[in-house]
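Residue-level structure breakdown
Listed below are the residues making up each chain.
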Amino acid sequence: MALDIAKATSHPFRKMPLLFQSVRGTKDILPNDAEILHDIESQARILFSAYGYGEIITPILEERDLFIRSLGKDSEVINKQMFIIERGQDLLALRPEATAGVIRAYLENNFNHIDALSKFYYFGPMFRAERPQKGRLRQFNHLGVEAIGSLNPLLDAEVISLADTILRKIGISGFKIKINTLGCANDKKKFGEKLRILLKSKLSLFCSDCQERFNRNVFRLIDCKNASCRNIIAGLKLKRQDYLCKDCFEHFAAVLENLKNIGIEYEESPQIVRGLDYYTRTVFEITHSSLGAQDALGAGGRYDNLVAELGGAPSGAIGFAFGVERLLLVSKCQSVKVSKKDLVFLITLGKEAEKEGVKLLHNLRQAGIKSDTDYENRSLKGAMRRANDLGAKHVLILGENELKKNMVMLKDMKSGEQREVKIENIVYECQRVIVS
Ligand code: HAM
């Protein structure tokens with residue numbers, strides 16, 4: 001694979017050019033970002049559990065055909081973006097999304113016979129060979145849920161409210177929930193035929209992407225971002241009533257009413273059609289303007305026919321997934337506060353103190369106190385600078401004098417106050433003064 005020459009040679013500290021770089025469209029998540037991600041994940045876990053969802057961890061590798069059958073052979077993900085692995089007779093794929101695998105696991109593990117309603121949540125990497133750009137990667141992470149076993153519009157409202165609550169809980173504001181309905185499979189078919197008739201004569205006026213999508217998935221012409229395509233679609237004045245059956249019309253009205261009841265703000269948006277074939281009825285996207293062109297933080301909807309499509313009895317189902325890297329981008333933009341543990345930094349001065357310090361550090365860590373040292377035998381001044389760079393809230397200083405008295409100096413970095421504490425009491429004392 002070709003190296004990015006500018007990246008390979010340009011860093012000011014780099015004396016030798018890089019031999020290897022990350023694969024195009026993949027990204028290292030470095031410790032500071034990983035900490036934010038874990039914070040997002042732990043906040044989400046608390047909420048998932050409060051809403052009655054249990055974690056499911058499905059494999060990254062699945063049979064390729066699972067995705068073809070679920071997402072649709074004409075969808076863009078299947079057509080252009082799958083990472084496929086051929087091993088002997090097996091045709092496998094790196095999962096481009098998690099819904100298909102969760103339904104496969106739901107059927108394989110007989111959840112359809114155990115629970116009337118099964119609710120799962122997941123975190124994990126997904127793979128799509130897209131053209132990389134800001135917020136669009138080839139390996140990215142999803143944080144999502146699937147609720148399987150009910151057609152009730154109350155469940156739609158629950159799932160959408162869960163997505164809304166997660167964002168609020170992790171401190172993201174300014175997002176928009178855009179919602180639409182596609183109707184049942186029959187409605188989709190009728191609407192697709194109607195759209196083809198309406199658009200055929202105008203096709204040359206659409207962008208090349210739309211022209212290509214016309215036969216594969218005519219609905220995607222509705223959500224094209226190109227302004228002139230949007231104008232043509234707006235001119236058609238499409239109305240939901242024109243293509244929804246009575247049941248689907250009422251279902252959507254009930255979803256909206258339930259959302260209003262629980263105070264979730266949303267925007268009705270006929271442009272939301274989604275690119276995966278399995279969707280029926282309610283679909284939604286959650287966007288954030290700070291993301292630029294790839295503005296979807298997350299998306300989801302109903303897929304009432306997928307369980308039957310994969311060999312089970314028909315069961316209503318709905319879910320969503322957030323793009324974790326996009327949550328991270330917005331969190332950083334909005335300086336979302338991460339609940340970091342306070343760091344205690346240990347400075348030892350002299351060989352004997354260093355030996356005692358190892359024990360002390362071990363005891364602090366055993367007690368779950370975030371604590372560190374750098375084993376560099378710096379001067380007190382240099383070590384204090386290092387503690388400061390690491391953002392330590394407290395410093396422990398153990399020199400020959402302290403050691404003789406069986407004491408250690410505990411210094412509060414903010415106030416500058418310091419006092420001696422008995423070595424055997426230091427774990428307790430640190431627990432008392434720090435916020436973990
Ligand atoms: P999706 O819209 O394809 O839906 O993906 C969900 C979210 O993943 C997007 O809104 C976006 O934030 C993020 N995402 C998608 N592609 C990329 C990429 N190349 N790079 C970075 N982030 C990306 C699904 O996958 C459905 N399975 C969601 C769902 C669950 N529907 C029902 N249940």
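Structure shown above.
Let me sum up the structure you'll find in this document.

Conventions and cut-offs
- Residues numbered from 1 in each chain as written.
- Predicted model: local features only at pLDDT ≥ 70, side-chain atom pairs only at ≥ 80, totals over all residues.
- Heavy atoms only, no water.
- Buried < 20%, exposed > 50% of the residue type's maximum accessible area, 1.4 Å probe, protein only.
- Helix = DSSP H or I, 4+ residues; strand = E, 2+ residues; numbered from the N terminus.
- Pairing = 2+ DSSP bridges.
- Near = heavy atom within 4 Å.
- Polar contact = N/O pair within 3.5 Å; in protein donor to acceptor, adjacent residues only side chain to side chain.
- Areas by Shrake-Rupley, 256 points an atom, 1.4 Å probe, with all protein chains shown as cover.
- Nonpolar A, V, L, I, M, F, W, Y, C, P; charged D, E, K, R; others polar.
- Phe/Tyr/Trp six-rings, centres within 6.5 Å; stacked < 30°, edge-to-face > 60°.
- Salt bridge = Lys/Arg side-chain N within 4 Å of Asp/Glu carboxyl O.
- Axes fitted to C-alpha atoms, helices over the stretch in contact; angles between N-to-C directions.
- Contact = heavy atoms within 4.5 Å.

1. A short note on the pairing of strand S5 (residues 118-127)
- Among the 10 residues in S5, 9 count as buried, and that is most of the element.
- Of the strand pairs in this sheet, S5 and strand S6 (residues 139-148) are connected by 10 bridges, and their pairing is antiparallel. If you follow Phe127 over to S6, its bridge partner there is Gln139.

2. Considering the site of the ligand
- Neighbouring the ligand are 26 residues; Glu97, Glu130, Leu137, Arg274 and Tyr279 lie closest to it.
- In the model, a nitrogen atom of the ligand is placed 2.7 Å from a nitrogen or oxygen of the Glu97 side chain.
- A total of 650 Å² of accessible area belongs to the ligand in isolation, and the protein chains cover 96% of it.
- Broken down by secondary-structure element, the contributors of at least two residues to the shell around the ligand are S6, strand S10 (296-302) and strand S11 (317-323).
- The element that contributes the greatest number of residues to the shell around the ligand is S10, accounting for 6 residues.
- When the residues that make up the shell around the ligand are grouped by side-chain class, the tally is 11 nonpolar, 8 polar and 7 charged.

3. Focus on the packing of aromatic side chains
- Throughout the structure, instances matching the rule amount to 9 aromatic pairs.
- Judged by centre distance (5.8 Å) and plane angle (35°), the rings of Phe191 and Phe219 are tilted. With a gap of 28 residues between them, Phe191 in helix H8 (residues 185-200) and Phe219 in the loop between helix H9 (208-216) and helix H10 (227-236) connect regions that are remote in the sequence. For the pair Phe191 and Phe219, one class covers both residues: buried.
- The interplanar angle of 15° and the centroid separation of 3.8 Å between the aromatic rings of Phe191 and Tyr243 together place this pair among those described as stacked. You can see Phe191 sitting in helix H8 and its partner Tyr243 sitting in the loop between H10 and helix H11 (246-261), a full 52 residues away along the chain. Considered together, Phe191 and Tyr243 belong to a single accessibility category, that of buried residues.
- Three or more aromatic residues joined by ring pairs make a cluster, and in this case those are Phe48, Tyr121 and Phe123.

4. A word on the pattern of salt bridges
- According to the stated counting rule, one finds 29 salt bridges in the structure shown.
- Residue Arg104 is joined to Glu108 by a salt bridge in which the shortest nitrogen-to-oxygen separation is 2.9 Å. Separated by 4 residues within a single helix, Arg104 and Glu108 lie in helix H5 (residues 99-108), roughly one turn from each other.
- Since its relative accessible area comes to 22%, Arg104 is described here as partly exposed.
- Asp372 serves as the salt-bridge partner of Arg365, at 3.0 Å between the closest nitrogen and oxygen.
- The class for Arg365 is partly exposed, based on a relative accessible area of 38%.
- Overall, Asp372 belongs to the partly exposed group, its relative accessible area being 31%.
- Within this structure, Glu41, Arg45 and Glu55 form a network of salt bridges that share partners.

5. Examining the sheet that holds strand S2 (residues 61-63)
- Spatial strand order, S2-S4-S3: 3 strands in an open sheet with antiparallel pairing. The open sheet has two free edges, formed respectively by S2 and strand S3 (83-87), since each of these has just one partner strand. Across the sheet, the mean angle separating the axes of adjacent strands is 40° when strand polarity is ignored.
- Those strands touched by helix H3 (residues 64-71) are S2, S3 and strand S4 (90-94), and its axis lies near 70° from that of S2.

6. Some words on the sheet that holds strand S13 (residues 371-372)
- Pairing in this open sheet of 5 strands is mixed, and the strands run S13-S12-S14-S15-S16 from one edge to the other. Each end of this open sheet is capped by a strand with a single partner; those strands are S13 and strand S16 (418-422).
- Alignment of strand S14 (residues 394-398) against strand S15 (residues 407-412), held across 4 bridges, turns out to be antiparallel. Paired with His394 across the strands is Asp412, a residue of S15.
- Each of strand S12 (344-348), S14 and S15 is contacted by helix H15 (residues 380-389), which is oriented at about 165° to S12, the strand it contacts most.
- In the packing of helix H17 (residues 426-433) onto the sheet, contacts are made with S12, S14, S15 and S16, and the angle to S16 comes to roughly 140°.

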